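Coordinate analysis (summary)
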Amino acid sequence: MSYTGAARKVGTNIDTDAIIPARFLVTTDPLELGRNCFEGLEPGWINRVQKGDILVAGPNFGCGSSREHAPIAILGAGMPVVLAHSFARIFYRNGFNMGLTLLEIGDAADTINEGDRLEVDPEKGLIRNLTQNTDIPCTPVPPFMREILAQGGLVGYVRRQMTEG
Amino acid sequence: MPQTLAEKILQGRTEETITGPGQIVRTRLSSVLANDITAPLAIKSFEAMGATKVFDPEKVFLVCDHFTPNKDIDSAQQVKVVRDFARKMGVVHFYDGGESGVEHALLPELGLVGPGDVVVGADSHTCTYGGLGAFATGMGSTDVAAAMALGETWFKVPPTIRATFTGTMPEHLEAKDLILLLIGKIGVAGATYKALEFDGPVIAAMDVEGRMTMANMAIEAGGKVGLFAADDKTLAYTRAAGRADAAPIAADPGAVYEQELTFDVSGLSPQIACPHLPDNVRPVEEVAGVVVDQVVIGSCTNGRISDLRRAAALLKGRKAAKGLRLIILPATPLIYKQALREGLLEIFMDAGAVVGPPTCGPCLGGHMGILASGEKVLATTNRNFKGRMGSLESEVYLAGAGVAAATAIAGRICHPAEIVGRS
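Bear in mind the structure is a predicted one, so any value in this text is a computation, not a measurement.

**Topic: the overall build of chain A**
A count of helical and extended segments in chain A gives 6 helices and 7 strands. Of the regular secondary structure in chain A, the N- to C-terminal order runs β-α-α-β-α-β-α-β-β-β-β-α-α. Whereas a compact globule of 165 residues would reach a radius of gyration of roughly 15 Å, chain A reaches 15 Å, a difference of no more than 12%. Its C-alpha atoms give chain A principal-axis dimensions of roughly 45 × 40 × 25 Å. Counting the 165 residues in chain A, one finds 61% classified as buried. For chain A, restricting intrachain contacts to residue pairs at least 6 apart in sequence, the fraction spanning at least 24 positions comes to 62%. Carbon and sulfur atoms make up 50% of the accessible area of chain A, which totals about 6600 Å².

Right under this line is the structure:
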């Protein structure tokens, strides 16, 4: 499955408090969390996002708390993919568990401009910058993690394993 | 093959032979933890997975500490979800109300975590138990849901950075300063995916509470775990907490480390993490004089009895600066009672402090000490991300309990030595 959307950029060391501040953690509802996504970065940041946009981040994206509300908020805001220079450890595992596609693209993150049209193929490990007409190769998402994503996250994956097994 | 502490602890809980970093191993878990923010999501995932019982009702720990005492209707509803689940599953170690405290101070104190344990928690500061020689790490709610159901999880064996601390601890220096020094040196992503192992004569001489303070902030360098060998001090601590079966554990001589760092602490000043990242660390002299509106002493980093004693030694007979709000939260009911018995609470109240109940509240901007725009706080907590404790236009400085008490008295960031000389 591939994704096409406009790039929405955030910076370096974006922590989970920036993604979804603690005051919003009194719900687990994806849409409610999505409405407040990045309120800790800049109030109203999410208003510029269209469904299907692709989040592009600098190094150490998702550092800080273990709160799964962070990837849920990004998904709830309508962004199915995050391309980052690199990810923090807990967030990386949480992202896939929640069905959020994550690709590490190193310094290539800097070459993408806000608003660039991107086409992302997690299986091939290829990002096409349609605006700049450039290709960004990256490590493909391994098959079993794609299977988790295809089931909408770890819960669906486990349930499927259980019903099939 | 000689093993690092991380490899050795994992080896004790897996059938596979650990050969080195990068290997993925299925591991039996000693215990699984979630709190009032992360448990509701874990319960949702647990039920959606089709699970009907927890792997062991004695080994699932549910601690309501972040928004408790409940700050509003939504948080009360969340805690109710956790309470109902605990009852339904027969969870023995569910903590709420007057029994509850800050989870990472509470569980060690109750003897529920100890050397050689492998623990996962839906809280990033689960790494605190590394201070007791446990491989303990934070995960998300869904990973924890699977762990609650299965009693196992998978880990990638981490490479290890060994940090050796030598020299003599100067007066007023505390464990917090050493971990801040390290984070300042390697950065907030310096240990991502890796284990940190702490040793050296300074660590050997350090008490167990100090080691937990250091292990607590391993995640602030991105670390998977922050580990200390379990020695006689650890065993004395865990035995006193009611855990009779604890055995010593240490890295093998000749274990292979990815990186080795040595820090001589002689002559070191107290360290401060300045806004807005825990690696923006400077010696206190460089930031002394910054006027703060609030001081918070508490949290899973520095809300233990040794921290309260250190703060009380400075605050005794003195007052917090006029206009400054001093908030002190003993991390658990036991610490609270101990502080009461020792007269520390009276010292705090005479100094003008608000002595609050055990809660994580202000640390994460939850409740009981939220900042307005333009305000500054110095806190003994573990994170100073932008807006962490309230308004996006507020600033958080991190330090140990001594600097926090001194700062409360002076009304500006200050070295404890400056206060000791005063009447």
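**Concerning the pairing of strand E4 (residues 101-104) of chain A**
Successive side chains on a regular strand alternate, one facing one side of the sheet and the next facing the other. All names here are of chain A. Taken together, the 4 bridges between strand E3 (residues 81-84) and E4 define a ladder with parallel strand orientation. Bridge pairing in E4 places Leu83 opposite Leu103. Regarding topology, helix H4 (residues 89-98) serves as the crossover connection from E3 to the parallel E4, and that connection is right-handed.

**Focus: the sheet that holds strand E6 (residues 135-138) of chain B**
Residues and elements named next belong to chain B. If you walk across this open sheet you meet the 5 strands as E4-E3-E2-E5-E6, and the pairing is parallel. A strand with exactly one partner marks an edge of an open sheet, and here the two such strands are strand E4 (93-95) and E6. With strand direction ignored, the average angle separating the axes of adjacent strands in the sheet is 15 degrees. Pairing of strand E3 (residues 60-63) with E4 involves 3 bridges; the strand directions are parallel. Counted as the bridge partner of Leu62 is Phe94 from E4. Each of strand E2 (31-35), E3 and strand E5 (118-121) is contacted by helix H5 (residues 141-150), which is oriented at about 140 degrees to E2, the strand it contacts most.

**Some details on unusual backbone geometry**
With an omega of -15 degrees, the peptide bond between B:Thr68 and B:Pro69 qualifies as cis. Here B:Pro69 is to be found in the loop between E3 and helix H3 (73-89). Here the bond from B:Pro275 into B:His276 is cis, since omega is 0 degrees, no more than 30 degrees from zero. Assignment of secondary structure puts B:His276 in the loop between strand E12 (271-273) and strand E13 (281-283). Phi is positive for A:Asn13, which is not a glycine, with a value near 55 degrees. Mapping A:Asn13 onto the fold places it in the loop between strand E1 (3-9) and helix H1 (16-19). The phi torsion at A:Asn133 lies on the positive side, around 55 degrees, for a residue other than glycine. Tracing the backbone shows A:Asn133 in the loop between strand E6 (126-129) and strand E7 (134-137). For A:Asn133, a relative accessible area of 64% corresponds to the exposed category.

**Examining the interface of chain A and chain B**
Facing the 38 residues of chain A at the interface are 42 residues of chain B. Around 3100 Å² of area is buried between chain A and chain B when both sides are counted, 57% of it from carbon and sulfur atoms. Of all residues in chain A, A:Val26, A:Arg89 and A:Arg93 give up the largest surface area on contact with chain B, accounting jointly for 25% of the area buried on that side. Counting every contact that joins chain A to chain B gives 2 salt bridges. Ionic pairing is found between A:Arg93 and B:Asp143, a salt bridge with its closest N-O pair at 3.0 Å. Our count for the chain A to chain B interface comes out at 17 residue pairs in polar contact (both at pLDDT 80 or more). At the level of secondary structure, the elements contributing two or more residues to the side of chain A that touches chain B comprise helix H3 (69-76), H4 and helix H6 (154-164) of chain A.

**Quick word on H6(A)**
Buried residues of H6(A): A:Leu154, A:Val155, A:Gly156 and A:Tyr157, and no others. Taken together, the buried residues of H6(A) touch H4 and helix H5 (143-150) of chain A together with helix H2 (39-48) and H5 of chain B.

**Quick notes on the confidence of the model for chain B**
Residues at a pLDDT of 70 or more form 100% of chain B, whose mean pLDDT is 97. The ipTM for the predicted assembly is 0.93, set against a pTM of 0.97.

Analysis parameters
- Residues numbered from 1 in each chain as written.
- Chains lettered and ligands numbered in written order.
- Predicted model: local features only at pLDDT ≥ 70, side-chain atom pairs only at ≥ 80, totals over all residues.
- Heavy atoms only, no water.
- Helix = DSSP H or I, 4+ residues; strand = E, 2+ residues; numbered from the N terminus.
- Rg over C-alpha atoms; globule rule 2.2 N^0.38 Å.
- Buried < 20%, exposed > 50% of the residue type's maximum accessible area, 1.4 Å probe, protein only.
- Contact = heavy atoms within 4.5 Å.
- Areas by Shrake-Rupley, 256 points an atom, 1.4 Å probe, with all protein chains shown as cover.
- Pairing = 2+ DSSP bridges.
- Right-handed = clockwise from strand over helix to strand, strands pointing away.
- Axes fitted to C-alpha atoms, helices over the stretch in contact; angles between N-to-C directions.
- Buried area = accessible area lost by both parts, 1.4 Å probe.
- Salt bridge = Lys/Arg side-chain N within 4 Å of Asp/Glu carboxyl O.
- Polar contact = N/O pair within 3.5 Å; in protein donor to acceptor, adjacent residues only side chain to side chain.
- pLDDT = per-residue confidence, 0-100.

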